[in-house]
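Structural overview
The primary structure of each chain is shown beneath.
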Amino acid sequence: MSKTMINITKLTSDKIIIAGPCAAETREQVLESAKQAKKRGVKILRASLWKPRTEPGFDGVKEKGIEWLVEVAKMGLTPGTEVLNARNTKAVLTAIAKNVENPSALIWIGARNQNHDEQVAIVKAVKKYPWARFMFKNQPWRHEKHWRGILKHVLSTKIGKDKIFLSHRGFDPGTDEPRDPKELRNFPDYQMAMRVKTEEDVQMIIDPSHMGGTVDNVIRISKEAMRHKEAGTSFDGFIFEIHPNPTIAWTDAKQQLTWEQFDELMDEYQNLHKEPQVKTKSAQTQASF
């Protein structure tokens, strides 16, 4: 274990840290990830059961993994997973509600899910459970009006802003294949993310994993985002892809960190936040998991 491992709960209380494997692969992998997350005070474990893919391939363990998320919730963590539709959402939340004494869950939709009817149906399913939270990522193309439009669809369900947050995962660079492996997988637009955060009064976290595409790039983007501030406001947290053994990961192997690499980033993050931070209204209403 890295000697720099810190307890994430020592970070300022308004920061959201989500960490775990890109995809749930096996029960052993999920529970080992949960063990490592809990050891560090990480409250939200990502382990997606459904994985939209550009081409046919492994697209998640799907319903088979729901019982693994139930086990994670029984450990006192908040399991987080991407879903494709309201049916997936209901299956996950129903199982957790039935089997966990103090339930919690995070449901999110990724960049590819641009069907507003399905977005609304998913949010309505989340809304039924006071202990569940919802997150959505920006669409792949760079278009601020579209990103805000997703938020409008989400809020049309009358869900409270305290139950949602947004994730900036970068925008497709639109270059021809093959891309330069040293370039980012998706480009950040920090200024746009901060505008949406402040003007819409919502929480905004950042996803350096899907921006970076490689471990080196993920670390570089993470450090940039840690230091990025505009008018006294900054990102409300991070979502990281972390695998017990990235070399054998079934998806996104090149961009998943080890837990030791995560420790080093969080050590730096903690040191940056030892100084008093200026909080926005949205930062003061962090979703409590």
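In what follows, the structure referred to is the one given above.
To start, this report covers the structure provided alongside it. (Residues numbered from 1 in each chain as written. Predicted model: local features only at pLDDT ≥ 70, side-chain atom pairs only at ≥ 80, totals over all residues. Heavy atoms only, no water.)

To continue, consider the side chain of threonine 89. Mapped onto the fold, threonine 89 is located in helix 3 (residues 86-99). Setting aside residues up to four positions removed in sequence, threonine 89 forms contacts with Val83, Ile107, Ile122, Ala125 and Val126. (Helix = DSSP H or I, 4+ residues; strand = E, 2+ residues; numbered from the N terminus. Contact = heavy atoms within 4.5 Å.)

A separate point is the pattern of salt bridges. The tally for this structure, following the rule as stated, stands at 15 salt bridges. For the salt bridge of arginine 148 with glutamate 144, the shortest nitrogen-to-oxygen distance reads 2.7 Å. On the criterion of helical spacing, the pair formed by arginine 148 and glutamate 144 is a turn pair, its members being four residues apart in helix 5 (residues 144-155). One exposure class covers both arginine 148 and glutamate 144, and it is buried. Of the charged contacts in the structure, one is a salt bridge between glutamate 199 and arginine 148, with a shortest N-O distance of 2.7 Å. Linking glutamate 199 in helix 6 (residues 190-200) with arginine 148 in helix 5, this pair joins segments that are 51 residues apart in sequence. Classification of arginine 148 as buried rests on a relative accessible area of 15%. One salt-bridge network, held together by shared partners, links Glu144, Arg148, Arg195, Glu199 and Glu200. (Salt bridge = Lys/Arg side-chain N within 4 Å of Asp/Glu carboxyl O. Buried < 20%, exposed > 50% of the residue type's maximum accessible area, 1.4 Å probe, protein only.)

It is worth spelling out the packing of aromatic side chains at this point. The final tally for this structure, using the stated rule, is nine aromatic pairs. Geometrically, the ring pair formed by phenylalanine 58 and tryptophan 250 is edge-to-face, given 5.1 Å between the ring centres and 90° between the ring planes. Here tryptophan 250 lies in the loop between strand 8 (237-241) and helix 9 (259-272) and phenylalanine 58 lies in the loop between strand 2 (44-46) and helix 2 (66-74), a separation of 192 residues in the sequence. Accessibility expressed as a relative area gives 23% for phenylalanine 58, which makes it partly exposed. On the numbers, 5.1 Å between centres and 85° between planes, the contact of phenylalanine 238 with tyrosine 269 is edge-to-face. Of the two residues, phenylalanine 238 sits in strand 8 while tyrosine 269 sits in helix 9, which places them 31 residues apart along the sequence. Of the aromatic side chains, those joined through ring pairs into one cluster are Phe238, Phe240, Trp259, Phe262 and Tyr269. (Phe/Tyr/Trp six-rings, centres within 6.5 Å; stacked < 30°, edge-to-face > 60°.)

The buried fraction of strand 8 is high, at five of five residues. Burial of the side chains of strand 8 extends over both faces: Gly237, Ile239 and Glu241 are buried on one face and Phe238 and Phe240 on the other.

Let's shift gears to the pairing of strand 5 (residues 132-137). The element strand 5 is largely enclosed, with a buried count of six among its six residues. By the alternation rule, side chains of strand 5 split into Ala132, Phe134 and Phe136 and Arg133, Met135 and Lys137, which are all buried. Of the crossover connections in this fold, the one passing from strand 4 (residues 105-109) over helix 4 (residues 116-127) to the parallel strand 5 is right-handed. In this sheet, strand 6 (residues 164-168) lies alongside strand 5 in parallel orientation, the contact comprising four bridges. Looking across to strand 6, one finds that phenylalanine 136 is bridged to leucine 166. Where the polypeptide runs from strand 5 across helix 5 and back to strand 6, its parallel neighbour, the crossover connection is right-handed. (Right-handed = clockwise from strand over helix to strand, strands pointing away. Pairing = 2+ DSSP bridges.)

Among the secondary structure elements, aspartate 207 is positioned in the loop between strand 7 (204-206) and helix 7 (208-212). Aspartate 207 gets classed as buried once you look at its relative accessible area, which sits at 0%. Of note is the side chain of aspartate 207, whose polar atom sits 3.1 Å from the backbone nitrogen of serine 209. A distance of 2.8 Å separates a polar atom in the side chain of aspartate 207 from a polar atom in the side chain of histidine 210. (Polar contact = N/O pair within 3.5 Å; in protein donor to acceptor, adjacent residues only side chain to side chain.)

This paragraph deals with helix 6. For helix 6, the full list of buried residues reads Tyr190, Met192, Ala193, Met194, Val196, Lys197 and Glu200. Of the residues trailing helix 6, aspartate 201 is marked for its positive phi of about 55°.

Moving on to the nonpolar core. Counting residues in each nonpolar core, the largest one holds 71 residues, and the members touching the most others are Phe134, Phe136, Trp147 and Phe262. Here phenylalanine 136 is in contact with Ile109, Trp147, Ile150, Leu151, Val154, Phe165, Leu166 and Ser167, once residues within four sequence places are set aside. Grouped together as the second largest cluster of nonpolar side chains are nine residues, Ile44, Leu106, Trp108 and Met135 included. (Core = buried A, V, L, I, M, F, W, Y, C linked by side-chain atoms within 4.5 Å.)

In short, the description is geometric, and any link to function would need to be established separately.
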